[in-house]
Amino acid sequence: MTSGSTATHRGLTRFNTSDESAALAELHEVCASSAWGSKLVAQRPFATAESLFEASDAAMAELTAEDLAEAMAGHPPIGRPKPGDPTSSREQRGMAGASEELKAEMLEQNLAYQERFGHVFLICATGASAEQMLDALRSRIGNTPEQEREIVRTELGKINRIRLTRLAEDS
C-alpha cells in the first residue's frame, strides 16, 4: 500500500467512524447543502474515496432548486474569498494576481449575474485563471435560469470532489 492510499484509508476510516454530528459538520465544510450531507452520512461506511465521490455525485443529482440555493449560499463571490478561510482563498488563487481592472470587471459582472439569477456566480475555480473565470461568467450570464441551474450543479459536483479528496486524505 502506498502512503497516498494509506492516507486515504485513514481519512476515510476517520470519516466513516466519526459520530453523525461530526460527519455532518465535516460535510458541511465541503458543501453547505444539508440534504447532500445527510444523504452521504446515511450511506457510510465508504470502502473507497471513489465510492464516496459516486455517492456525492448521486446526491448532487437529486438536489432540488432549494437545496442548490443552500449549497451556493456557502460560496463567496469569485474575487472575494471569505476572510480567514484557507479553502476559499486556495480555490480562488487564480484571482490573486489579476489586475485591478480585471478585478473591477469581475465585481461588475458578478453583480449583474447575481441580479439576473439571484445567487452568486459559481464555478470550480481551482486551477482556473482570472481571465478564464471572467470569460466563463460572461458566457454564462446569457443562459436561461434552467441552463444555469444545471451548470451550477455540475460545478458544485466538481468542487465537492476536490474537497472530498482533501477530507478523505486528511489524517
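About the criteria used
Residues numbered from 1 in each chain as written. Predicted model: local features only at pLDDT ≥ 70, side-chain atom pairs only at ≥ 80, totals over all residues. Heavy atoms only, no water. Salt bridge = Lys/Arg side-chain N within 4 Å of Asp/Glu carboxyl O. Helix = DSSP H or I, 4+ residues; strand = E, 2+ residues; numbered from the N terminus. Buried < 20%, exposed > 50% of the residue type's maximum accessible area, 1.4 Å probe, protein only. Contact = heavy atoms within 4.5 Å. Axes fitted to C-alpha atoms, helices over the stretch in contact; angles between N-to-C directions. Parallel < 35°, antiparallel > 145°, perpendicular 65-115°, else oblique. Left-handed = near helix turned anticlockwise from the far one by under 90°. Nonpolar A, V, L, I, M, F, W, Y, C, P; charged D, E, K, R; others polar. Phe/Tyr/Trp six-rings, centres within 6.5 Å; stacked < 30°, edge-to-face > 60°. Lys NZ or Arg CZ within 6 Å of the ring centre and 35° of its normal.

1. A few points about the pattern of salt bridges
Then, in step 1: Inspection of the entire model under this criterion finds ten salt bridges.
Then, in step 2: Put simply, E62 and K39 hold a salt bridge, and the shortest N to O gap is 2.7 Å. Remark: K39 occurs in helix 3 (residues 34-42) and E62 occurs in helix 4 (residues 49-62); sequence separation between them is 23 residues.
Then, in step 3: The shortest N-O distance in the salt bridge between E148 and R140 comes to 2.4 Å. Across this residue pair, the class does not change: E148 and R140 are buried.

2. Quick word on the environment of M133
Then, in step 1: When you line up the elements, M133 lands in helix 8 (residues 130-140).
Then, in step 2: On the accessibility criterion, M133 (0% relative accessible area) is buried.
Then, in step 3: Those residues within four positions of M133 in sequence are excluded, and the remaining contacts are I78, G94, M95, M106, F121, I123, A125 and A128.

3. Description of the packing of helix 3 against helix 4
Then, in step 1: Orientation of helix 3 relative to helix 4, taken along the N-to-C sense of each, is 140°, at an axis distance of 9 Å. By the angle class used here, helix 3 and helix 4 are oblique. Of the two elements, helix 3 crosses helix 4, and the hand of that crossing is right-handed. Note on element contacts: helix 4 touches helix 3 through L52, A55, S56, A59, M60 and E62, opposite W36, K39 and L40.
Then, in step 2: Broken down by class, the residue content of the contact of helix 3 with helix 4 amounts to six nonpolar, one polar and two charged.

4. Let's talk about the packing of helix 7 (residues 100-117) against helix 8
Then, in step 1: The contact between helix 7 and helix 8 brings their axes to 10 Å, and the two run at 30°. When the interaxial angle is binned, helix 7 and helix 8 end up roughly parallel. You can see that helix 7 and helix 8 cross each other, and the crossing is left-handed. Contacts between helix 7 and helix 8 involve L102, E105, M106, Q109, N110, Y113 and F117 from the former and A130, E131, M133, L134, L137, R138 and R140 from the latter.
Then, in step 2: Split by residue class, the contact of helix 7 with helix 8 holds eight nonpolar, two polar and four charged.

5. Structural notes on the packing of aromatic side chains
Then, in step 1: Applying the stated rule across the entire model yields three aromatic pairs.
Then, in step 2: Taking the centre distance of 6.5 Å and the plane angle of 20° together, the rings of F15 and F46 count as stacked. Here F15 is found in helix 1 (residues 3-17), whereas its partner F46 is found in the loop between helix 3 and helix 4, with 31 residues between them in sequence. Of the two residues, F15 and F46, both sit in the buried class.
Then, in step 3: For the ring pair Y113 and F117, a centre distance of 4.7 Å and an interplane angle of 45° mean the geometry is tilted. You can see Y113 and its partner F117 sitting in helix 7, four residues apart, about one turn around the helix.
Then, in step 4: By relative accessible area, F117 is classed as buried at 14%.
Then, in step 5: Members of the aromatic cluster, connected to one another through ring pairs, are Y113, F117 and F121.
Then, in step 6: Looking at R44, its charged tip hangs above the ring of F15, at a distance of 5.6 Å from the centre.

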